[in-house]
Each structure stands twice: as structure tokens, then as C-alpha cells.
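Residue-level listing of the chains:
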Amino acid sequence: MQDRYKHITRPVFSIVIPVHNESEVIPELLGRLAETCRQLGEPVEWLFIDDGSRDDSSSMLRSARITYPMIRVIELSRNFGKEAAASAGLARALGEAVILMDADLQDPPELIPRMVEQWRAGYDMVLMKRDSRAGESWLKRLSASCFYRLLNRISDAELPVDTGDFRLMSRRVVDAFNELPERNRYLKGMIAWVGMPTTTLTFNRDARAAGNTKWNYLKLAQLAMEGITSFSVKPLRLALILGLLAAATGGAFGAWVVLKALLFGVATPGYASIITVITFLSGIQLLCVGLLGEYVGRIYIETKQRPVYLVAHDSAEQDQATSARPESQPRRTVNHAVSS
Ligand code: UDP
Ligand code: MG
């Protein structure tokens, strides 16, 4: 798919930034990026993936291309979520090293030269571990830390604790990532699964420069479920063990009731015990069915083979079309990104 961009001189670095309603931070972000990229001394492209923003983020980015020609704006057809937006960016990035970062300046662009240094030293992946999480509530910090501990205990790939999506990846990591076909995306886990020589730098994570977080606890819980079910089938085993335990307890209890009836005759009607057993067992059954459902639902989504995102507009493709046929109008195209 990269051949479509033969005419473009390949940048050495791609900075991939998913954007969803970030018009408040874009001016500062562009200024700081420009300052940093000047130090890199090599061609850089800035890939902004507008994930269905409802504010004027995308028009701001489009008009910023006059001042900053290295900007490429990819607009998705609607809001697909950060994971999908980042996947779109990684699929279209052309650089030898790709840096993924948030738009809200929680990931300071000033750190990019340090990351590049590690890449030049031969690492394929440079993870940015946060030392502090300024501006985040203690509840978010606590739930994040519990989640990572749980996930690492049950999953097969080692997931780095306290690292976000801010990272540098070499071309071969990005190519390997782009090959992963799954529709249920948990980016951090998928990249960890790829592996390759990795190093970690620490930084202080700033608070958001402006605007509000696009996450709420429901979305975070969904992402956590995604992380757990896409990296481990151990919860299914947990269901099995719970079922076995419940069955064994139920069996022992039944045997005891029968024995008691045989020895001492039929006792009192036993309403309490029946209710206890019924609720306990139906609870376990529902839990196991629900757990199975989580996996079956994901299998269903995978079998539909839908693309992870749809692109409504790509400034690079538009440039190509207008330079090839100057008289033609720029077209709005919808590309099936994953299959292309
Ligand atoms: N984002 C996105 N699509 C969404 C939600 C968020 O592309 O549906 C982007 C957002 O613009 C930002 C990044 O993902 O660049 C991280 O979002 P946010 O800062 O809200 O998350 P947090 O830092 O609170 O985890
Ligand atoms: Mg943020």
C-alpha cells in the first residue's frame, strides 16, 4: 500500500497524533512541534488523524498546512476512537521512525530528540514511562495501577506498567503492527506483542494543556475489558474453575442433605438453604455465560471483517490528485483502510 506514495519524498520521522476536538491545544502544539523538529535536522512529517472532531480541529489543521507544509491531515469518516485513529496513522506513516503522541501536550514534544537518540543507538522501540501523572485523579491512578497489575498477571505478553501510547517505533515494528489483522484493538498490548529491542525513558507527564479528557470511566472499563480479553483466555479458565468449585460445593451440600434425611428423617422445609444454593449457582452460571459472551462477541466482530476505520479525506492523496490533474476538482474519497 505504501507504493501509492512513491512520489512523496520519504520523511525520516513521522509524528502520528490522533485528534478529537482539540482545537484549544492545536496552536500551542504546532508551535512546540515546530521548535522541536527544527532540532532533528531531518525531514519530518506530522500526521494528524482527525477522529471525527465536532469542533474546528480539522479546518485549523488544514489551514496550518500553509505555514507547516509537513502537516498531513487524515480525516476519518466519524469518531472511531483513539485506538482506531492511531492505527490509521500508523498504517499511513511513511517515516523510518514513527512517534505516536497525544494532541493534548500531556506527552511533551520536547522529548522527541531524546527518543530519537535511543533509536539511533539501535533500539526499535522507545517507551516513555511516566514518573508522575499530574492532573489525574487518585481514582484514575489507582484503577490504572490495579488494571496493569491484573493484566500482567493473566496475559502472555509483558505489558509495561505506567507507559501510555507515547512512544517511538522503528519501521519494522510499525510494519509488523500493521500486519496484525484484529478488529478489537488494544494498541499498547498489540505493540507489546510485537516485541523487538526496547528501551524505556522516564518523564513527568504534564496535565492537559487545555480542554477535557475524552475518556470516561465507562470507556476506560471497555478498554480494560478489551485489553484483558484480547490478550488472555485465562478468564475462561477462571469460569471453569469457579464452575467446578460451585459444583463441588453444591454436590457436597446435596450429599449432606440426603444423608441427614436418611439418618434423621426429612427435616424442616429448608427454604433458606434452597434459596442460597439457587442464587449462588445462578450467579456463577450468569457470570460464566457473560464471560463466554465477551469472547463470542469478539469472535463475531472479527468474523465480520469490517475495517477498523474509514478515511474521508487525506491531504496527501488530495495533493497527489491535484498535482497529477491540475484541472480536476479534489475528490472526497472513502478508502477501505485496512484492506488497502
Ligand atoms: N482521542 C481520539 N479519539 C477519541 C478520544 C481521544 O483521537 O475518541 C485523542 C485525543 O484527541 C488525544 C488522545 O486521543 O490526542 C488522548 O485523549 P485524552 O487526552 O482525552 O486521553 P487521556 O490523556 O485522558 O487518557
Ligand atoms: Mg490526555
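Not measured: the values here are computed from a predicted model.

Student: Any details on the overall build of the protein? Residues and values, ideally.
Tutor: Scanning the protein from terminus to terminus reveals 11 helices and 9 strands. Burial statistics for the protein: of 340 residues in total, 45% are counted as buried. A separation threshold of at least 6 residues defines the contact pool for the protein, and within that pool the share at least 24 residues apart is 83%. Total accessible area computed for the protein in this model is approximately 17,700 Å², and 61% of it derives from carbon and sulfur atoms.

Student: Account for the pattern of salt bridges, naming residues and giving values.
Tutor: Under the criterion given, the structure shown has 11 salt bridges. The partner of glutamate 42 in a salt bridge is arginine 120, with the nearest N and O atoms 2.5 Å apart. You can see glutamate 42 sitting in the loop between α1 (26–40) and β2 (44–50) and its partner arginine 120 sitting in helix α4 (residues 112–120), a full 78 residues away along the chain. One salt bridge connects arginine 72 with aspartate 314, and the closest N-O pair in it is separated by 2.7 Å. Here arginine 72, found in strand β3 (residues 71–76), pairs with aspartate 314, found in strand β8 (residues 310–314); they are 242 residues apart in sequence, far enough to count as distant.

Student: Provide a residue-level description of the coordination of the magnesium ion (ligand 2), including the pertinent values.
Tutor: Four donors placed tetrahedrally about a metal ideally form angles of 109.5 degrees, and six donors placed octahedrally ideally form angles of 90 or 180 degrees. Protein coordination of the magnesium ion (ligand 2) is provided by Asp104 (OD) and Gln106 (OE1), with donor distances spanning 1.9 Å. Considered together, aspartate 104 and glutamine 106 belong to a single accessibility category, that of buried residues.

Student: So what's going on with the packing of helix α3 (residues 82–92) against helix α6 (residues 171–179)? Which residues, and what values?
Tutor: Between α3 and α6, whose axes approach to 9 Å, the crossing angle comes to 125°. It follows from the interaxial angle that α3 and α6 lie oblique. Between α3 and α6 lies a crossing of left-handed hand. Judged by residue contacts, Ser87, Leu90 and Ala91 of α3 engage Val174, Phe177 and Asn178 from α6. In terms of residue class, the contact of α3 with α6 is built from 4 nonpolar, 2 polar and no charged.

Student: Summarise the packing of aromatic side chains; cite the residues concerned and give the values.
Tutor: Each aromatic ring pair is described using two quantities: the centre-to-centre distance and the angle formed by the ring planes. In total, this model carries 4 aromatic pairs according to the counting rule given. Taking the centre distance of 5.3 Å and the plane angle of 35° together, the rings of tryptophan 46 and tyrosine 68 count as tilted. Note that tryptophan 46 is positioned in strand β2 and tyrosine 68 in the loop between α2 (57–64) and β3, a separation of 22 residues in sequence. Each member of the pair, tryptophan 46 as well as tyrosine 68, carries the same accessibility label: buried. Note that arginine 78 overlies the ring of phenylalanine 80, its terminal NZ or CZ placed 3.9 Å from the centroid.

Student: Before we move on, can you summarise the nonpolar core with the specific residues and values?
Tutor: Most often, soluble globular proteins have nonpolar side chains that are buried together. The biggest cluster of nonpolar side chains holds 36 residues, and the ones touching the most others in it are Ile15, Ile17, Leu33, Trp46, Phe48, Ile112 and Met115. When residues of this core are assigned to their parent elements, the largest contribution, 7 residues, is made by α1. Setting aside residues no more than four positions away along its own chain, isoleucine 15 makes contact with Leu33, Cys37, Val44, Glu45, Trp46, Leu47, Ile99, Met101 and Ile112.

Student: I'd like a rundown of the pairing of β2, residues and numbers included.
Tutor: Burial analysis of β2 places 7 of its 7 residues in the buried class, which makes it a mostly covered element. Both faces of β2 are covered, namely the face carrying Val44, Trp46, Phe48 and Asp50 and the face carrying Glu45, Leu47 and Ile49. Summarising the sheet, strand β1 (residues 13–19) and β2 pair through 7 bridges and their orientation is parallel. Of the residues in β2, the one forming a bridge with isoleucine 17 is phenylalanine 48. Remark: the β1/α1/β2 crossover connection has right-handed handedness. Examined bridge by bridge, β2 and β3 share 5 bridges and lie parallel to one another. Note that in β3 the partner of aspartate 50 across the bridge is glutamate 75. This β-α-β element, β2 to α2 to β3, shows right-handed connectivity.

Conventions we followed
Residues numbered from 1 in each chain as written. Chains lettered and ligands numbered in written order. Predicted model: local features only at pLDDT ≥ 70, side-chain atom pairs only at ≥ 80, totals over all residues. Heavy atoms only, no water. Helix = DSSP H or I, 4+ residues; strand = E, 2+ residues; numbered from the N terminus. Buried < 20%, exposed > 50% of the residue type's maximum accessible area, 1.4 Å probe, protein only. Contact = heavy atoms within 4.5 Å. Areas by Shrake-Rupley, 256 points an atom, 1.4 Å probe, with all protein chains shown as cover. Salt bridge = Lys/Arg side-chain N within 4 Å of Asp/Glu carboxyl O. Donors = N, O, S within 2.8 Å, 3.2 Å for Na, K, Ca; no water. Axes fitted to C-alpha atoms, helices over the stretch in contact; angles between N-to-C directions. Parallel < 35°, antiparallel > 145°, perpendicular 65-115°, else oblique. Left-handed = near helix turned anticlockwise from the far one by under 90°. Nonpolar A, V, L, I, M, F, W, Y, C, P; charged D, E, K, R; others polar. Phe/Tyr/Trp six-rings, centres within 6.5 Å; stacked < 30°, edge-to-face > 60°. Lys NZ or Arg CZ within 6 Å of the ring centre and 35° of its normal. Core = buried A, V, L, I, M, F, W, Y, C linked by side-chain atoms within 4.5 Å. Pairing = 2+ DSSP bridges. Right-handed = clockwise from strand over helix to strand, strands pointing away.

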